[in-house]
Structures are given as C-alpha cells and as structure tokens.
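# Commentary on secondary and tertiary structure
Residue-level listing of the chains:
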Amino acid sequence: MTNTEQDRWSRVKGRLRSSVGEDVYSSWFARMDLESLQQESVHLSVPTRFLKSWIQTHYADRVLSCWQAEMPEVHRIDLTVRSAARCAAPVRDAQAAPTEPRRDDHHHPRPAAQEVRSSAATPVSTSHDALGGSPLDPRLTFASFVIGRSNTLAHAAAKQVAEGRHGDPVMFNPLYIHSGVGLGKTHLLQAVTWAGNSNPDRKVLYLTAEKFMYGFVAALKSQTSLAFKEALRGIDVLVIDDLQFLQGKTTQAEFCHTLNALIDAGRQVVIAADRPPSDLESLDERVRSRLAGGLVVEMGQLSEDLRLGILKSRVTAARAHHASFDVPQPVLEYLARSITHNGRDLEGAINRLLAHSKLNSQPVTLEMAEREVRDLIRPQEPKRIKIEDIQRVVARQYNVSRADLLSSRRTANVVRPRQVAMYLAKTLTLRSLPEIGRRFGGRDHTTVLHAVRKIEGLVSKDTTLSDEVELLKRQLQE
Ligand code: ADP
Ligand code: MG
C-alpha cells in the first residue's frame, strides 16, 4: 500500500467519523482496514462477519459516499472478513458434526427410530424451565436496556442474536461479553433470552455458571450421551452468565464438550464474564481460544449520560406500579453525577427513594435523595464543591479579588473570570441559577445563564480557555 493510498484512507476515515459521529465510528469502523485500492473499487476488511453484515446493511452508502468525496471515480466497495487465526481444533462430538445441515427438528430427517425412542425420556421440546434454566427477571429486557457509548456494540450484537430465527446461519460464535460488575451483562443476556423465547419455534436457555455446574451437568451426566445430544438439539441459543465462576475439572470438561457440540452444530452460544477469555486462568487453553474465536466485546464504565438514562428507565418501570412516584430532574442529575460506580447502585438508589416516598407519602426532593443515598456514594467520588471555593480558586487564577467577582464592575479583566466562576458553579454544584446569582453579588438568574452559555460556547472553540477551565476543575476536585 502506498503512502498516498494510506493518506486517502485516513482522510476517508476522517470523513466517516465526522459523518456518523464518534460513538458510531468507534463501534463499527474502528477496526475496518483498507486492503487495496483499484481504479473504481475499494477493498476493505473487518475482523468479523457480524461487523461486515452490519456495515453493509446500515452504512454501505455512507462508506461509498465518503470515498467518492475523496475519489469521485470510486464506484464500488468490497467488504470482506479478514481471516483470523482459527482456534485449535475442538474436541469434536462425532454426532454433532459441523457439516450438519440447517437444523429444523420438524422437517429434517430424524435420527434412527431407535435413537428417538431411547431419547424419549428427555423432553426434546424443552422449555427454558424444563431444561433447568436459571430464573429470569422480567424487568431485564431490551426495552429497558439503555444504550450508550460503552455498550453500543454489545447491545447490537445481543440484539442480532435475539432476532435470529430458528435455522438462521450464525454470525459469530460464541458472542462473548465482558465487563466489570454492575455494567449490564446480566441485563443484556436476559434480554436475549426473553426476546428469543418470545419466538415460539426458538429455544433459548439461560444458565448461570453455577446452575450449569450444579444442575445442567448433573442432569446431563445421568442421561446417556445420546440423550445429551438430543437435549442440545432442542436449544437454539445457550446463554451462560458469569463464566468466571465455572470451576472444577469435570465441569470444565463438560462445558468444553457442550460448547464445541453447540458451536459445531451451528447453535448460538452467548457468554458473559467479568474478564476477557484470555484471563480465565482456570480454563483450558483450548477452551479459551475457542471462546476468543467468536466476537469478544467489552462493555466499559457507564457514562454520566448512560447513568441518567438508566435512572430514568428505572423510574418509568417503578411508575407502572406506583403512579404517583416521581423523581424530579435535578435529583436524577444529582444521582447520575454522584453514583458513578455501577448499575446496581443506581437501581438501589431508585428503590430507596421509592420506599421512602411511599412510607412517608412525601415527594422526592434533593435533600431527601442526598440523605438516602449517602452510603452509595463512594469516598473516591468527587467531593462536594462550594461556591466560595470556586470564587477563591478562580480569583487566584486570574489575579483578581473575590470582591471583584461579586462587584458590579464590568471591566474585561473581571467580567471573564466572573463568567468562568458562574459557569463552574453551575456545572460543579447543584445550586440553581437564581441561587448562584444571589451568591455572586445578587445578580439575576438570566445573567448567570448568559455567563454559562457564553463559557460553554467558548470552551468548545478556544483551547486556551478550555485548558484553563480544566485546570480549575482539577484544582477544585482535588
Ligand atoms: P452485571 O451482570 O454486568 O454485573 P447487571 O446486568 O446485573 O450487571 O446490571 C446491574 C444493574 O444495572 C441492573 O439493575 C441493570 O438493569 C442495570 N443496568 C446496567 N446497565 C444498564 C443499561 N445499559 N440499561 C439499563 N439498565 C442497566
Ligand atoms: Mg451479572
């Protein structure tokens, strides 16, 4: 590849990025490579079939037009999947050979009559419960799952799995989702299960690793191996949560067997764990590489926006049963800003507010929220910042006095620092605009609003100012 070609590719990527936005870009295009560039056609590659099909269905035109903006003669984009090093050959189950045709229990030749009879003891048309699935929480559905930067890809992949139909070819296998605790893995896995099982000819089985160890494996062991395979044939999607808890040599061997049999038979496997496959130290190397051979997606920390979305989704859910329950926007914003650690604490916070407002028949207020969730706010959370502190730090930075900031003087050397201080007061504290106005020498709330907007506008353009503001924030948060 020549330098010119690489440069062009970089510029096309730049166009793409600004056309779809940073989030979409990093989810879908970050791993797209330029393979070759001919007169009229461009050959691009991505690492998985899933990405390929997603880009083709959603962004084909966009990619083409970004190229054409750079090179008008381009008329075609070829997108292929880069070949990845295949994982070690699986321990194969001879019966569930990979060449098995599209499975459809009703129309495909059944196993020999004798086999059918011997497996009659195990219900093949197993429901989630009958196969010993783990309990599902009815609230954990796609409808209540909030999408943000950290989980776009995981969500899209899960959705794709959930929408697959019985007999559809599998796009990536397994789908492996990992993240720290409380960031939505279980929610997403259960959403896949609910959605999949709402389709009557599809069987999705959700198991925690624990359940897999103590229930499923035991049940399978007590059956003949044929019955085992029959049972597996009944499942279209096997979902295993918290794989890091899978322990014990026998269990792992069973797991490995199940995984290989399912994948080779074209069934979808979805897995969640708190770490990437390579870090599952207790698992056999072969299993790890098999796990890494599908689509591995990490979900990152919940951003403040996402936390706000989750809180709102929780309030909406609670209101279905408690119509009078309401959490004012400033309280939601306060919670989203201060409970940063994980989704469980967000859920806990809403539950407490609900309990409290029910017990006391009182509306939710900021004071009440601060009191009720105090212990959910971790010590490393940003400390409460006072307006006086802001005024002091800003005054020092710009070499004016605090009295100047509060005065009515309108000279440039005071006006800008004052605006910065008001902006910081609005963004770093929970005080309202009128309150901030009062604390700045009795100004009107519209003056504060004007200052906030002014600085917001400037920091997006003026790097010196935005650095100064960042520095001030850091000083205040230390
Ligand atoms: P994990 O399994 O990763 O430890 P969970 O799926 O149990 O995390 O999530 C913890 C809590 O946070 C649950 O109440 C879940 O509903 C909520 N949660 C996490 N992420 C999201 C999200 N993106 N949208 C809605 N709720 C979420
Ligand atoms: Mg979980």
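Residues numbered from 1 in each chain as written. Chains lettered and ligands numbered in written order. Predicted model: local features only at pLDDT ≥ 70, side-chain atom pairs only at ≥ 80, totals over all residues. Heavy atoms only, no water.

## Comments concerning the overall build of the chain
Rules: Only DSSP runs of H or I with at least four residues qualify as helices, and only runs of E with at least two residues qualify as strands; both kinds are numbered from the N terminus onward. The classification of residues rests on relative accessible area computed with a 1.4 Å probe and restricted to protein chains. Under 20% of the type maximum is buried, over 50% is exposed, and intermediate values are partly exposed. Here a residue-residue contact requires only that any non-hydrogen atoms of the pair lie within 4.5 Å. Computed by Shrake-Rupley with a 1.4 Å probe, the accessible areas treat only the displayed protein chains as cover when residues are assessed.
Along its length, the chain carries 20 helices and eight strands. Counting the 478 residues in the chain, one finds 46% classified as buried. For the chain, restricting intrachain contacts to residue pairs at least 6 apart in sequence, the fraction spanning at least 24 positions comes to 75%. Here the chain displays about 23,900 Å² of accessible surface, and carbon together with sulfur accounts for 50% of that area.

## Some points on the site of ligand 1
This is how the line gets drawn: If even one non-hydrogen atom of a residue comes within 4 Å of a molecule or strand, that residue is called near it. Here a polar contact is recorded for every N or O atom pair within 3.5 Å, except that within protein the pair must consist of a potential hydrogen donor and a potential acceptor, and residues adjacent in sequence are included only if both atoms are side-chain atoms. Classes in brief: Ala, Val, Leu, Ile, Met, Phe, Trp, Tyr, Cys and Pro nonpolar; Asp, Glu, Lys and Arg charged; the others, Gly included, polar. Throughout, the edges of the domains are those of an automatic or database domain assignment.
The environment of ligand 1 is made up of 19 residues, and the closest members are V146, G182, H187, R344 and E347. For ligand 1, an oxygen atom lies 3.4 Å from a polar atom in the backbone of G343. Within the side chain of E347, an N or O atom sits 2.6 Å from an oxygen atom of ligand 1. Protein coverage of the free-state accessible area of ligand 1, which is 560 Å², stands at 95%. When residues of the shell around ligand 1 are traced back to their parent elements, those giving at least two are α6 (185-197), α11 (304-319) and α13 (343-360). In terms of residue class, the shell around ligand 1 is built from six nonpolar, nine polar and four charged. Three or more residues apiece are contributed to the shell around ligand 1 by two domains, here domain 2 (142-298) and domain 3 (304-376).

## A word on the packing of helix α19 (residues 445-459) against helix α20 (residues 463-477)
Where we set the bar: Here an angle of 0 to 180 degrees is reported between the N-to-C directions of two axes, which are lines fitted to C-alpha atoms, with helices fitted over the stretch in contact. Relative orientations are named as follows: roughly parallel for angles under 35 degrees, roughly antiparallel for angles over 145 degrees, roughly perpendicular for angles from 65 to 115 degrees, and oblique for any other angle.
Closest axis-to-axis distance for the α19/α20 pair is 8 Å, and the angle between their directions is 115 degrees. The orientation of α19 with respect to α20, classified from their angle, is roughly perpendicular. For the pair α19 and α20, the contacting residues are I455, L458 and V459 in the first and L465, S466 and V469 in the second. For the contact of α19 with α20, a count of residues per class yields five nonpolar, one polar and no charged.

## Observations concerning the UniProt feature "binding site: ATP" (unreviewed entry) in the chain
Put simply, the rule reads: UniProt positions are given in the numbering used here, feature names are shortened, and annotations may be inferred rather than shown by experiment.
UniProt tags G182, G184, K185 and T186 as "binding site: ATP" (unreviewed entry). Structurally, G182 can be placed in the loop between β4 (175-178) and α6. In this structure G182 comes out as buried when scored by relative accessible area, which is 13%. Those residues in contact with G182 that sit more than four places away from it in its chain are L302, N342, G343 and R344.

## What about the sheet that holds strand β6 (residues 237-241)?
Condition: Here, strands pair whenever DSSP counts at least two bridges between them.
Sheet architecture is open: five strands sit in the order β5-β6-β7-β4-β8, paired in parallel fashion. Every other strand in the sheet has two partners, leaving β5 (204-208) and β8 (295-298) as the edge strands with one partner each. For this sheet the average axis-to-axis angle between neighbouring strands, irrespective of direction, equals 15 degrees. Relative to β8, β4 runs parallel, the two being bridged by four bridges. Counted as the bridge partner of I177 is V297 from β8.

## Focus: the environment of I339
Along the chain, I339 turns up in the loop between α12 (329-338) and α13. Expressed as a C-alpha distance, the spacing of I339 and R374, which sit 35 residues apart in the sequence, is 9.5 Å. Leaving out residues up to four positions away in the same chain, I339 has contacts with R307, D345, L346, A349, V373, L376 and I377.

## Section: the environment of V239
Mapped onto the elements of the fold, V239 is located in strand β6. Under the relative-accessibility criterion, V239 is labelled buried at 0%. Between the C-alpha atom of V239 and that of A209, which follows or precedes it by 30 residues, the distance is 9.6 Å. Beyond its immediate stretch of four places on either side in the chain, V239 contacts L189, V192, T193, V204, L205, Y206, L207 and V270.

## Considerations on the sheet that holds strand β3 (residues 76-81)
Across the sheet, three strands lie side by side as β1-β2-β3; this open sheet has mixed pairing. For this open sheet the edge positions go to β1 (33-37) and β3, each flanked by a neighbour on one side alone. Ignoring strand direction, the axes of neighbouring strands in this sheet form an average angle of 25 degrees. Sheet topology note: the strand β2 (residues 41-46)/β3 ladder contains six bridges and is parallel. Bridging from a neighbouring strand, L44 pairs with L79 of β3.

## Considerations on the packing of helix α17 (residues 412-428) against α19
Their axes nearest at 8 Å, the elements α17 and α19 cross at an angle of 95 degrees. For the element pair α17 / α19, the angle class is roughly perpendicular. In this structure, α17 contributes R416, Q419, V420, M422, Y423 and K426 to the contact, and α19 contributes T447, V448, H450, A451, V452, K454, I455, E456, L458 and V459. Across the contact of α17 with α19, the residue classes break down as nine nonpolar, three polar and four charged.

## Description of unusual backbone geometry
What you tend to see is this: most non-glycine residues have negative phi, and most peptide bonds are trans. A cis amide bond links N173 to the next residue, P174, at an omega of -5 degrees. Inspection of the secondary structure puts P174 in the loop between α5 (152-163) and β4. For S361, which is not glycine, the phi dihedral falls at a positive 45 degrees. Tracing the sequence through the fold places S361 in the loop between α13 and α14 (366-372). Of note in this structure, N399 is not a glycine but carries a positive phi near 60 degrees. Summarising the element assignment, N399 is placed in the loop between α15 (387-398) and α16 (402-406). According to the relative accessible area criterion, N399 is exposed, its value standing at 71%.

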